[in-house]
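Fold and geometry: a report
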Amino acid sequence: MESIIEKIRELPPELQEEVIHFIDSLHTKKSSKRKKKPNLEWIGGLKAYRDQFTALELQKKASDWRE
């Protein structure tokens, strides 16, 4: 940790500012990833077709539909 601080101190002031901005962007990037929760609203959406189709058949139909 001390070596990082020492290296930053050796930089000219404008590059020290750039390091600070970079660190801030890393914090922002890290915190934005944590806040995202998966959207699971689709669960149970095909329940009505449970007795008509298997999961494999539904995958095939979805694949055909995309093409």
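Note that the structure is predicted; figures quoted are calculated from it, not measured. (Residues numbered from 1 in each chain as written. Predicted model: local features only at pLDDT ≥ 70, side-chain atom pairs only at ≥ 80, totals over all residues. Heavy atoms only, no water.)

A count of helices and strands for the protein gives 3 helices and 0 strands. When its helices and strands are written in sequence order, the protein yields α-α-α. Taken over the C-alpha trace, the protein has a radius of gyration of 25 Å; the compact-globule value for 67 residues is 11 Å, which it surpasses by more than 25%. Each principal axis of the C-alpha distribution contributes one length, and for the protein these read about 70 × 25 × 20 Å. Burial analysis of the protein (67 residues in total) assigns 0% to the buried set. Summed over all atoms, the accessible surface of the protein reaches about 7000 Å², with 58% contributed by carbon and sulfur. (Helix = DSSP H or I, 4+ residues; strand = E, 2+ residues; numbered from the N terminus. Rg over C-alpha atoms; globule rule 2.2 N^0.38 Å. Buried < 20%, exposed > 50% of the residue type's maximum accessible area, 1.4 Å probe, protein only. Areas by Shrake-Rupley, 256 points an atom, 1.4 Å probe, with all protein chains shown as cover.)

With that settled, consider helix α3 (residues 55–66). Think of an α-helix as turning once every 3.6 residues; residues three or four places apart then point the same way. Under the 1.5 Å per step criterion, the end-to-end length of α3 is 17 Å for 12 residues, consistent within 8% with the ideal 16 Å. With 0 of 12 residues buried, α3 lies mostly on the surface of the structure. (Expected span 1.5 Å × (residues − 1).)

Here the focus is a nonpolar patch on the surface. On the surface, M1, I4 and I5 cluster together to form a nonpolar patch covering roughly 320 Å² of accessible area. By the secondary structure assignment, I5 is in helix α1 (residues 2–10). Residue I5 is classed as partly exposed on the basis of its relative accessible area, which comes to 32%. (Patch = residues over 30% accessible without salt bridge, like charges linked within 9 Å, V, L, I, M, F, W, Y side chains within 5 Å. Salt bridge = Lys/Arg side-chain N within 4 Å of Asp/Glu carboxyl O.)

Moving on, we get to the packing of aromatic side chains. Scanning all chains against the criterion turns up 1 aromatic pair. With 6.2 Å between their ring centres and 45 degrees between their planes, Y49 and F53 make a pair best called tilted. (Phe/Tyr/Trp six-rings, centres within 6.5 Å; stacked < 30°, edge-to-face > 60°.)

Mapped onto the fold, E6 is located in helix α1. Take E6: its relative accessible area is 40%, and that puts it in the partly exposed class. On a C-alpha basis, the gap between E6 and H27 in space is 21 Å, while along the polypeptide they are 21 residues apart.

Overall, the prediction assigns the protein a mean pLDDT of 87, with 94% of residues at 70 or greater. Across the protein, the element-wise mean pLDDT spans from 86 in helix α2 (residues 13–35) up to 92 in α1. (pLDDT = per-residue confidence, 0-100.)

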